[in-house]
Amino acid sequence: MKKEKFDQMLSEIRNEQIDEKVIVQAGERVWNSIAGVSSTEVSSVLRTCSDFQALIPGYLTKTLVPSRLLLFEDHMHACVACRRAVERARKSESQVVLRLENYRRDSRIWQWAWGAMGVAVVALVTFLIDQGLFPGQHPIRAAVQSVDGSIYSVDGGSVELIPAGYQIRNGQEIRTAKGSTAVVRLLDGSLVEMGERADVEVSRGWKGTTIHLDGGQVIVQAAKQRSGHLYLATDDCLMSVKGTIFSVNHGIKGSRVSVIEGVVRMDYGERTAELHAGDQASSNSSVSKVPIQDEIAWSRNAAKYMALLGDFAVLQKQLAAIPGPGLRYSSDLLPYVPDQTVIYAAIPNLTNTLTEAQRLFQDRLQQSPALRNWWQQQQRGGAKLEDLLNEVKTFSSYLGDEIVLAAGKNGQTDTAPVILARVRQPGLQEFLQTEAARLSSNPARAGLEMVRDPRAVKPMPGHPLLVYVDNDLMIASPNVSEMQRVVMRVREGGGSSFSTTPFHQQIVNAYQEGVEWLFCADLEQIVVQNVHTDSGSNRLPPGVGDVRYLTMEHRDLSGVPESQAVLNFASERQGVASWLAAPASMGSLEFVSPDASIVTAAVIKNPRSIMEEVFQIIGSSDSNFEEDLARFESKTGVNVLSDLAAPLGGEVTLAFDGPVLPTPRWKLIFEVYDPATLQSTIEKLVDSFNRERNASGESLQLTKRQAGSQTYFAIRSSSAKGLNSEVDYAFVDSYFIAAPDVATISQAIQSRQAGYSLTHATTFRSLLPKDGYTNFSAIFYHNIGPVVGPIAEQLKSSGALTPQQRQSIDALIANSAPGLIYAYGQPDRIVVASNSGFMGFDLGTLLTMGHNGPFFPQMLLGGALNHPGTPTQ
Amino acid sequence: MTEDNRRRTLRTALAEDAAIAIPDELERSFRDHHGLVFRTAYRITGNVADAEDVLQTVFLRLLRRGREADTLENEEGYLRRAAVNTALDIVRARQANREVELEELSTDPPQGDAMELRQALARALAQLEPRRAEIFALRFLEGLGNREIARLLGISQVLVAVLVHRTRQQLRKDLRGYMRSSELPYRGDKP
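Cut-off values and rules
- Residues numbered from 1 in each chain as written.
- Chains lettered and ligands numbered in written order.
- Predicted model: local features only at pLDDT ≥ 70, side-chain atom pairs only at ≥ 80, totals over all residues.
- Heavy atoms only, no water.
- Helix = DSSP H or I, 4+ residues; strand = E, 2+ residues; numbered from the N terminus.
- Buried < 20%, exposed > 50% of the residue type's maximum accessible area, 1.4 Å probe, protein only.
- Areas by Shrake-Rupley, 256 points an atom, 1.4 Å probe, with all protein chains shown as cover.
- Pairing = 2+ DSSP bridges.
- Contact = heavy atoms within 4.5 Å.
- Axes fitted to C-alpha atoms, helices over the stretch in contact; angles between N-to-C directions.
- Parallel < 35°, antiparallel > 145°, perpendicular 65-115°, else oblique.
- Nonpolar A, V, L, I, M, F, W, Y, C, P; charged D, E, K, R; others polar.
- Salt bridge = Lys/Arg side-chain N within 4 Å of Asp/Glu carboxyl O.
- Core = buried A, V, L, I, M, F, W, Y, C linked by side-chain atoms within 4.5 Å.
- pLDDT = per-residue confidence, 0-100.
- Phe/Tyr/Trp six-rings, centres within 6.5 Å; stacked < 30°, edge-to-face > 60°.
- Lys NZ or Arg CZ within 6 Å of the ring centre and 35° of its normal.

Novice: Describe the overall build of chain B, listing the residues and the values that go with them.
Specialist: On a plain count of helices and strands, chain B comes out with nine helices and zero strands. Going through the 191 residues of chain B one by one, you find that 59% of them count as buried. As presented, chain B carries roughly 8000 Å² of accessible surface, and 46% of it is formed by carbon and sulfur atoms.

Novice: Before we move on, could you go through the pairing of strand E30 (residues 699-707) of chain A and cite the residues and values that matter?
Specialist: Residues and elements named next belong to chain A. Here nine bridges tie E30 to strand E31 (residues 710-718), and the two strands are oriented antiparallel to one another. Residue pairing across strands places Ser699 opposite Ser718, the latter belonging to E31. The antiparallel hairpin formed by E30 and E31 contains two residues in its connecting segment, where Gly708 sits at a positive phi of about 65°.

Novice: Would you mind going over the environment of A:Thr744 in detail, with residue names and values included?
Specialist: Residues and elements named next belong to chain A. Residue position: Thr744 is located in helix H22 (residues 742-754). Once the C-alpha coordinates of Thr744 and Asp657 are considered, the two residues, 87 residues apart in sequence, prove to be 8.5 Å apart. Thr744 has contacts with Arg665, Trp666, Lys667 and Ala739, leaving out every residue within four places of it along the chain.

Novice: Could you give an account of the packing of helix H1 (residues 3-15) of chain A against helix H7 (residues 130-141) of chain B, naming the residues involved and the relevant values?
Specialist: The packing of two helices is summarised by the inter-axis angle and the distance between the axes. Viewed as axis vectors pointing N to C, H1(A) and H7(B) meet at an angle of 80°, and their least axial separation amounts to 9 Å. Between H1(A) and H7(B), the crossing angle belongs to the class labelled roughly perpendicular. Residues A:Phe6, A:Leu10, A:Ile13 and A:Arg14 of H1(A) form the contact with H7(B), whose participating residues are B:Phe136, B:Phe140 and B:Leu141. Class assignment of the residues belonging to the contact of H1(A) with H7(B) gives a composition of six nonpolar, no polar and one charged.

Novice: If you had to explain the environment of B:Val84 to someone new, which residues and values would you point to?
Specialist: Residue and element names in this part refer to chain B. By the element assignment, Val84 lies in helix H4 (residues 75-96). Looking at Val84, the relative accessible area reads 0%, which means it is buried. Separated by 58 residues in the primary sequence, Val84 and Glu142 place their C-alpha atoms 9.3 Å from one another. Sequence-distant contacts of Val84, that is, excluding residues within four places in its chain, are made with Thr40, Ile44, Glu134, Ala137 and Leu138.

Novice: Can you break down the pattern of salt bridges residue by residue, with the values?
Specialist: Pairing is possible between side chains that carry opposite charge, provided their charged atoms lie close to one another. All names here are of chain A. Per the stated rule, a full pass over the model turns up 34 salt bridges over all chains. Where Arg197 meets Glu671, a salt bridge forms, and the shortest distance between an N and an O atom there is 3.1 Å. Of this pair, Arg197 sits in the loop between strand E7 (191-194) and strand E8 (199-204) while Glu671 is found in strand E29 (residues 666-672), placing the two residues 474 residues apart along the sequence. For the pair Arg197 and Glu671, one class covers both residues: buried. Sharing partners across several salt bridges, the network here consists of Glu173, Arg175, Arg197, Asp199, Glu651 and Glu671.

Novice: How would you sum up the nonpolar core? Please name residues and give values.
Specialist: In terms of nonpolar packing, the biggest core is built from 62 residues, with B:Val37, B:Phe38 and B:Phe59 touching the most fellow members. Element by element, the count of residues in this core is highest for helix H3 (residues 48-65) of chain B, at nine residues. With sequence-adjacent residues up to four places away left out, B:Phe59 is seen in contact with A:Ile34, B:Leu26, B:Ser29, B:Phe30, B:His34, B:Val37 and B:Leu79.

Novice: Tell me about the environment of A:Glu274, residues and numbers included.
Specialist: All names here are of chain A. Examined against the element boundaries, Glu274 turns out to sit in strand E15 (residues 271-276). Judged by its relative accessible area of 55%, Glu274 falls in the exposed class. Residues Glu274 and Ser240 lie 34 residues apart in sequence; the distance between their C-alpha atoms is 9.8 Å. If we skip the residues at most four places from it in the chain, Glu274 touches Val263, Val264 and Asp279.

Novice: Report on the confidence of the model for chain A, specifying residues and quantitative values.
Specialist: All names here are of chain A. On average, residues of chain A score 75 in pLDDT, and 70% of them reach the 70 mark or higher. Ranking the elements of chain A by mean pLDDT puts helix H27 (residues 855-866) last with 37 and strand E33 (residues 735-739) first with 93. Within the model, pLDDT remains below 50 along residues 37-43, and this stretch shows eleven contacts once partners closer than five positions in the same chain are excluded. The model gives residues 94-107 a pLDDT under 50, and that stretch makes three contacts with residues more than four places away or in other chains.

Novice: Describe in detail the packing of aromatic side chains, supporting the description with residues and values.
Specialist: Taken as a whole and assessed by the stated rule, the structure comprises 20 aromatic pairs over all chains. Between A:Phe6 and B:Phe136, the aromatic rings sit 6.3 Å apart at their centres with planes inclined by 45°, giving tilted as the arrangement. With one member in each of two chains, A:Phe6 in helix H1 and B:Phe136 in helix H7 form a pair that bridges those chains. Measuring from centroid to centroid gives 4.8 Å for B:Phe136 and B:Phe140, while their planes differ by 45°, and the two rings are tilted. Taken together, the positions of B:Phe136 and B:Phe140, both in helix H7 and four residues apart, correspond to about one turn of that helix. Summarising the burial analysis for this pair, B:Phe136 and B:Phe140 share the class buried. Site record: aromatic cluster; members linked through ring pairs are A:Phe713, A:Tyr729, A:Phe731 and A:Phe736. In this structure, B:Arg139 is placed above the aromatic ring of B:Phe140, and the distance from its NZ or CZ to the ring centre is 5.2 Å. Here the guanidinium or amino end of B:Arg166 rests over the ring plane of A:Tyr231, the centre of that ring lying 5.8 Å away.

Spelled out as structure tokens, the structure:
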């Protein structure tokens, strides 16, 4: 049958609508039948397997009444244990009663017996071969050849650290820890190199060995298969090979397969692809291609693979999609910025461009305290940047496509900013002269001064903004010396020493990607120098001192806003900066339902290492810390590092998932490598708390409850004041889930079991960016509309709101579309990006501020917006 | 005994033996999920009478579990699986009782070629190893994801993926002959 027809048939069966009346009528008939008979008392009720097994003698002697016989046979069909009980009873019966004569007399029974025996033999042989128990086969499928870091065996709820040399059984799940890699050798000699947080099982069937990749990345060196194929299966695709080297990266968004050598057949969805060396394919369009070198760079054999790749012509493919009009790929103003530039901002000359630049700059400064401090120092004794920009925006219409603002730092001295722009129409000079004359009529506020010859202007403190127009270039600065240096560079045709600096290269690189709004800061010069001159009173946390550049961009790609911030480090991230781990699968998100309003999740470095660094940071500022810590550990019997931090894994999720009222339904999910130790630690902490009970008489009670196969724990606090609170938690597989009640945890487990999770939700998936990553290091997801909408409507209907408040609530509802902010931790940088903004608060929507504008600006500036004539300064 | 009579007797027997007061929980479960069970059964059996039989059998079995039984952790998943397996049992039983007249099995009006194709699929499913048939039905007739199926059955997700893939290939192969002979496109009929 053709695939299309087959699919169509399945789709139509699946989507067929059944008349509700038919269902209702059937339901009524069935329920009446059940309810009608349930009231009839019968002396002997069949409830449990024991009840049924009590009927076995009667069944064997064929003395059961017909209805009982049917029920018995029906139960036997469904219950393996009872079926075995019947078989045992039958065997024991046959030992007592010799039925050989009967067999001889009844040839049909004899034939049945032979047939059954034949079937049994075939079934047994099939089972043995399938399970690898036949001679020549072995239930051991692979062995851990080497480990760099930690690798675990995961079996249901138990997680066991396994060493190199460990033999992996058929279907046994193994998982590498964060930051760890391992090589597994299959029985046929194939090697599976597992990247960090890779989850793998190996099984053998009729057609060959299958490597099951549940998440993470592997590189497989398939040995030549004597018979059959080597398979690699993920939940969305199946690869089959004979002998080849290939990489599979499987994550939330899908799978990406890269072939280094040989041929790989890839089945995904309804499609089949044959991939050759140098080819790459993904199971989902949201997983884009990346250079194969990058894909396998984590491997210990990367150099070897790279050499192999060098034999092929097509290894690197440039990103074909170039953003549309509006993006700039270079700047002809960059050669003229000051030699010691440490801040570079480039903004497009659009309507209100300068106003927005001012806001952008303020936003940036607000996000970085170090930058803010630096700018505050820079602004002392001189004109404020805000004032300068307000003066300049009036003549923006004379300017070219881009306006560049650059500021430098000369040793410990901050230099004045310089503004550069191309002049696209004549008349700018005259316009400015008019403005200058108007401003000079107010001697106390001479904000602008036209300069005809920069060399003739003498440096003096408190200069207004000096503006010089040189042919088609406008140069503005409050400092004449800076202006003179720029003019000199212009006349020399550029070529400042800045062009040889790494920071310059950083800016050039940013342009190469296409920029609309661009902000670059040389934090190595700004933060480090500022902090280090602060006589040690403001020492940076470990690792932060390695920060090098901050690059922030915003652009519109085919109508989709994209904001990105990149924090570069001088070397591999250390200390606090390394707490965010490299992108990895987040299994904890499976416990979050699509209805969640706010979700934040991250993969983090080893919690023990983080805790050690926290101790180090606290200890450096608090000389009593070690003593206090020792006292705490002595009292509680808990070693914070070994008993609390070490059992935790590298993944954490916090979600608000469910109704907000009367109390928010939150979930905290941690990956746990050692549930037993963590549970023991919790018990010790509760005991210790109760021993050290405070004056208010508050105590904690730890209880345990079994529901089905799941164990739930509850910590209830009660105080003399009658204030009670409760936190429940459970261990599921290798995760710890905490919530305010058991129902929330149970719901989380069911969501995971049913696959009804956030990562499968259309809303969430529509927000996923198209880039080369299969996973994230951290995400922040918000979808508050369904939660806030009803509350907002209720508030509005109460009639207690002013028109202004109603307008703000309307703005809130209008801008409560779901959004996703995500982060990628790379060895020497952290990338934070979003293509949706946060509650309408992004640079794009800032431009539409006013009616139907975003909530936060409305909220913060609503008064000012309603009174446009009100001075803002 | 014909299959139809056997099932009717089973229903009667189940009813006679279900001497347990109906728990509120079962009533709620029936109210919430009888539609799901019915639809699931209908998608496999293709007729209303069989779907109703499945509905009754599933809930009578649930009733017989009694109050002492563990609370279902994933009630919907359990009932969906129960409906799939009971429906497949009916199709298998029907194949084992070829003497049963088609008219006797279904009270629905004849559905034409589309229904024949559907019945061919049901027969092919019933001939598969039960677990593979169940996985296929859950995946393609119920529209569950591999992960969800893996959780329901307590097996590896990747194993589900492999079984789904292979079963799909097998069924396409099984139905190839049917399509060659009829060359009729499938059109779903409504009950």
